Amino acid sequence: MARIQATKDLFLRSMSAIYLFAFASLYVQIPGLYGDNGILPARVVLKPDGRPAEKRFQGRPSLLWLLPQLGLDTQEGMELVCILGCVFAVVGLMSQRMRDSVVFALLWFLYTSVYQVGQTFLWFQWDILLLEAGFLTIIVAPFHLRKWRRPAIAQHDTITLWLVRWLLFRLMFASGVVKLTSMCPTWWGLTALDWHYESQCIPTPLAWYAHQLPQWFQKLSVAMVYLIECATPFLFFVPVRNLRLFSWFSQILLQVLIMLSGNYNFFNLLTVTLCIPLLDDQFLGKDKAAAMSNSFIARVGRALTKLVSFAVYAFMVYGMIRLFNLRVNSDKYSIEAEVAFSEDSFFDGLREIMPYTIWMGKISLSAEILMALWRSVSQERGILAKLWSVGQCVVFTGLAVYMFTISLVPHSVVDRTASASISPEVRQLHDNAQTLNLVHSYGLFRRMTGVGGRPEVIMEGSNDPRAGWKAYEFLYKPGNVSIAPPFVAPHQPRLDWQMWFAALGSYERAPWFVNFAYRLLEGRPEVLDLIASNPFPEKPPKFIRANLYTYHYTTFKSGSPSWWKRKFEREYMPPISKETSGLKEHLKRSGIVQESPKRGSKKKTQEPQDNALKRLLAIARSFFGVLKGPTLIFSLFLPAVVVSVAS
C-alpha cells in the first residue's frame, strides 16, 4: 500500500488556499452586495421574526446571529467573518501543525455563516461544493492538539480520503450525464463548444482564440469531455495505480483547459484539489521507501498491471470510436465525430448503470475499511496502539458510511428509477442534514446558453432621455466591444455573474436587478465600487434603463481590432426613476427601504454602539477594502506560500 501522508497534507493545504480565495473574494464585495446601502442587504435575512434565537439558528445556522452581542451591524459582522476566514486559511496554508480538524471546522462554519445570508449572490454550485468538500476536510484533517509535534500517520486516512474521491466521482459523473439528460440539442449534436467560448459568463482572452478553432475539432473536444466526465471517473476506485493516475491526468487536463478559457473563480481549483486523493506520496516524490521489488511475484504483478491497463485504454478508444462514430477525413485533414447512440439507448444504459455506481461505492468503501482495519492490527506496534487505531477506524467508518448513505439521494437524481429506489429511511437521514449543506447534487453546463449569440444586458443612465444615454461599464463582464476579456480567477465578481444570469431571463424574475438599478439612481458608492466606471461622477442620473444586446466574437478574417461585435435586440428594462409607480412598494418588500415607525409608536431601533471592534473593522476596510478582488487574493496568498515553503 502506497503512503499517502504527503498527499493528505497537500489536500489540506490546498483546501486552505481555496478557503482563502473564497473569503478574500467575498470580503471586497460585501458593502455593495450586502451592506445597508447594498443590492441585497443581509439585515433583511437576519431580521427578528418572533422565534427564539435557538430556533432561528437551527433554521439558518450562522454566527451572524451573534451580532447584537458584539455591537456590530450586519455588514460589519460579515466582514468580521470573512477576515477571520482569511486569517485561519492563511494559518492553515502556512503551518502543517495548524492544519487540523479544529481549524477546518472553524473555516467551514464561517463560510456556512455567510452562505446562509448570501441570497442569490452566493447560490452557486461552487459555493455548495466548497461547503460539502469543507465538511469532508474536517473529517480528513487530524485532530491534532499537540502542536509541537507533526501530525502522526493514521490508518483511517484512506477511509476519509475515499469520501473525497466519492464526492469527485459524483461531481464529474453528474456533470457529464446531465448534459445528455437535459436533451440539449447542442450537447447531443456535439456543437456545444461552437457557442460555449463566447457565451460563458466571463471568458478569458484565450477563449476568443479557442472560438476560432475548426468545428471538427470542437466536436471532437465535446466527445472527449464525455469521456473524461462520464467514463474516467470509474477509474477513481480501481486498485490499479496506473489507471488512477490516468484518471487524475485526464481530470487535470480538463480543468486546466477550462481555466485557460474561462473565469470560474475558485471552482476549477477546488475540483483539482478534490483530485489530489487520486495520488500517493510516491507520485509526489515524498515516499523514499518505495522501492521496486525484483521478485518473480512482483514482476508478474507488474506485467498483469500493464496488461489490465492496456486493456482498459483499448476499451476506451474502442468505445469512443463506436459511441461517437469517429473517423478520419483525409481530404479535410480532420477527425469527424457524431453521437452514434439513440436517446432511448442512452436512458436505458443510464438506468442500468446507476445501480452499479452505488454498488461500486459500497464495495470500494468496504475494501478501504477492511484494509484500514488490517493495517491497524498488522502494522501498529503494541496492543494499546492497535486498539487505538482500530477504535479510530471504527469511528471514521461510521462517519464514512453515514456520509456515503446520505449522498445517495443527490447522486441518484440523474435517473428517476435510481432515485425511486432510495429507501424512505435514507431520504429522512438526508433531509435531516439539509440545513448543514452536507451533500448536494451537481451538474454543470446542463444546457448550453447563448446559442445564436451571447445575450448581454447593458445598463444606461440619463438626466434627460431626449438628450441621450450613457452606459455603465462593468469590471469584468463584456460591455465595450474593444475591451479584451480579462483573467480574473480565482476571484468571483458576483454582480458580473448575476448580470449574466439576468440576461438569460427577464428583470421581473430577478428582483435584485431592480434593487441594483435603484442603487444607481441613488449613486451609492458601495455599489458603484462593484463596477468599472460611473458616467455620472458629479450627481447620480434621474433615469436608469437596461437594453439587451447580442454579442459575438469577431473573427480572424474580419480584421477588426475589437474583440466583440454586438447587435441591439430589445429593451430589457424600461426607464425608471425614483418616482416610478410601484418602485417604492418593491423596495419595501425587498427591505431596501424600511418603513418609518408610526407616529406615537414606542418601538425604537437599537443602533449598534461604537466600540473597539467596529473601529478595527473600519481600519481593515480602509486598507484592504479599496483593493480589487484579485489584488487582495494574491496579496494574501503569495506571502503565505513563500512562508510555507521557507519554513
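This write-up is about the structure you can find in this document. Predicted model only: the values in this text are computed from it and were never measured.

Cut-offs used in this document
- Residues numbered from 1 in each chain as written.
- Predicted model: local features only at pLDDT ≥ 70, side-chain atom pairs only at ≥ 80, totals over all residues.
- Heavy atoms only, no water.
- Pairing = 2+ DSSP bridges.
- Helix = DSSP H or I, 4+ residues; strand = E, 2+ residues; numbered from the N terminus.
- Contact = heavy atoms within 4.5 Å.
- Axes fitted to C-alpha atoms, helices over the stretch in contact; angles between N-to-C directions.
- Polar contact = N/O pair within 3.5 Å; in protein donor to acceptor, adjacent residues only side chain to side chain.
- Phe/Tyr/Trp six-rings, centres within 6.5 Å; stacked < 30°, edge-to-face > 60°.
- Buried < 20%, exposed > 50% of the residue type's maximum accessible area, 1.4 Å probe, protein only.
- Expected span 1.5 Å × (residues − 1).
- 1 Å grid on protein atoms, 1.4 Å probe; cavity = no way out; pocket = protein on both sides within 12 Å on 5 of 7 lines; lining within 4 Å.
- Points joined across faces, edges and corners; volume = space filled by probe spheres on them.
- Nonpolar A, V, L, I, M, F, W, Y, C, P; charged D, E, K, R; others polar.
- Parallel < 35°, antiparallel > 145°, perpendicular 65-115°, else oblique.
- Left-handed = near helix turned anticlockwise from the far one by under 90°.
- Core = buried A, V, L, I, M, F, W, Y, C linked by side-chain atoms within 4.5 Å.
- Salt bridge = Lys/Arg side-chain N within 4 Å of Asp/Glu carboxyl O.

The antiparallel open sheet is built from four strands, whose spatial order is β4-β3-β7-β8. The sheet terminates laterally at β4 (470–471) and β8 (564–576), the two strands that pair on one side only. Its contacts with the sheet put helix α20 (residues 494–503) on β3 (454–462), β7 (543–553) and β8, and the angle it makes with β3 is roughly 110°.

Below, the discussion takes up the environment of Tyr442. By the element assignment, Tyr442 lies in the loop between α19 (424–432) and β3. Each C-alpha atom, one on Tyr442 and one on Trp126, is 9.4 Å from the other, the two residues being 316 residues apart in sequence. Apart from residues lying up to four places away in sequence, Tyr442 is in contact with Gln125, Ile128, Leu129, Glu132, Leu167, Arg170, Leu171, Ala174 and Val178. A distance of 2.6 Å separates a polar atom in the side chain of Tyr442 from a polar atom in the side chain of Glu132.

All right, on to the packing of aromatic side chains then. Applying the stated rule across the entire model yields 52 aromatic pairs. Here the aromatic rings of Trp497 and Phe501 are separated by 6.5 Å at their centres, their planes lie at 35°, and the arrangement is tilted. On the criterion of helical spacing, the pair formed by Trp497 and Phe501 is a turn pair, its members being four residues apart in helix α20. Looking at Phe501, the relative accessible area reads 37%, which means it is partly exposed.

Time to look at helix α13 (residues 241–261). A rise of 1.5 Å per residue sets the reference length of α13, with its 21 residues, at 30 Å; its end C-alpha atoms lie 31 Å apart and thus fit the reference within 8%. By the burial criterion, the buried members of α13 are Leu243, Arg244, Leu245, Ser247, Trp248, Ser250, Gln251, Ile252, Leu254, Gln255, Ile258 and Ser261. Among the structural elements, α8 (157–181), α10 (193–199), α11 (205–211), α12 (215–231), α14 (267–275) and α15 (296–323) are those in contact with the buried residues of α13.

Our focus in this paragraph is empty space enclosed by the protein. Enumeration according to the criterion identifies two cavities of 30 Å³ or more in this entry. Roughly 110 Å³ of internal volume is contained in the largest cavity. Lining the largest cavity, in full, are Gln5, Lys8, Asp9, Leu12, Gln96, Arg99, Pro142, Pro151, Ala152, Ile153, Ala154 and Asp157. Considering every element that reaches the lining of the largest cavity, the biggest residue donor is helix α1 (residues 5–27), with four residues. Of the residues in the lining of the largest cavity, the class split is six nonpolar, two polar and four charged. The space that makes up the second largest cavity amounts to roughly 50 Å³.

A few words on the packing of α20 against helix α21 (residues 511–522). Here α20 crosses α21 at 125°, and the two axes come no closer than 11 Å. When the axes of α20 and α21 are compared, the pair comes out oblique. The handedness of the crossing between α20 and α21 is left-handed. Seen from α20, the contacting residues are Leu495, Gln498, Met499 and Ala502; seen from α21, they are Trp512, Phe513 and Phe516. Of the residues in the contact of α20 with α21, the class split is six nonpolar, one polar and no charged.

Judged by nonpolar contacts, the single largest core of 194 residues is most densely connected at Met459, Leu495, Trp512, Phe513 and Phe516. Here this core takes 16 residues from α8, the largest share from any one element.

All right, on to unusual backbone geometry then. For the bond running from Ala489 to Pro490, omega is 10°, close enough to zero to count as cis. Its identity as a non-glycine residue notwithstanding, Gln119 has a phi of 55°, on the positive side. With respect to the secondary-structure elements, Gln119 resides in the loop between α6 (101–115) and α7 (125–140). Unlike most non-glycine residues, Tyr333 shows phi in positive territory, near 50°. For Tyr333, the position within the fold is in the loop between β1 (327–329) and β2 (334–336). Judged by its relative accessible area of 72%, Tyr333 falls in the exposed class.

Enumeration over the complete set of coordinates arrives at 20 salt bridges. Linking Arg327 and Glu336 is a salt bridge whose minimum nitrogen-to-oxygen distance equals 3.4 Å. With relative accessibility at 33%, the residue Arg327 sits in the partly exposed group. Classification of Glu336 as partly exposed rests on a relative accessible area of 24%. Three or more residues joined by partner-sharing salt bridges are found here, namely Asp9, Arg13 and Arg99.

Tracing the backbone shows Thr158 in helix α8. For Thr158, a relative accessible area of 8% corresponds to the buried category. Looking at Thr158, its side chain comes within polar contact range of the side chain of Arg375, at 2.8 Å.

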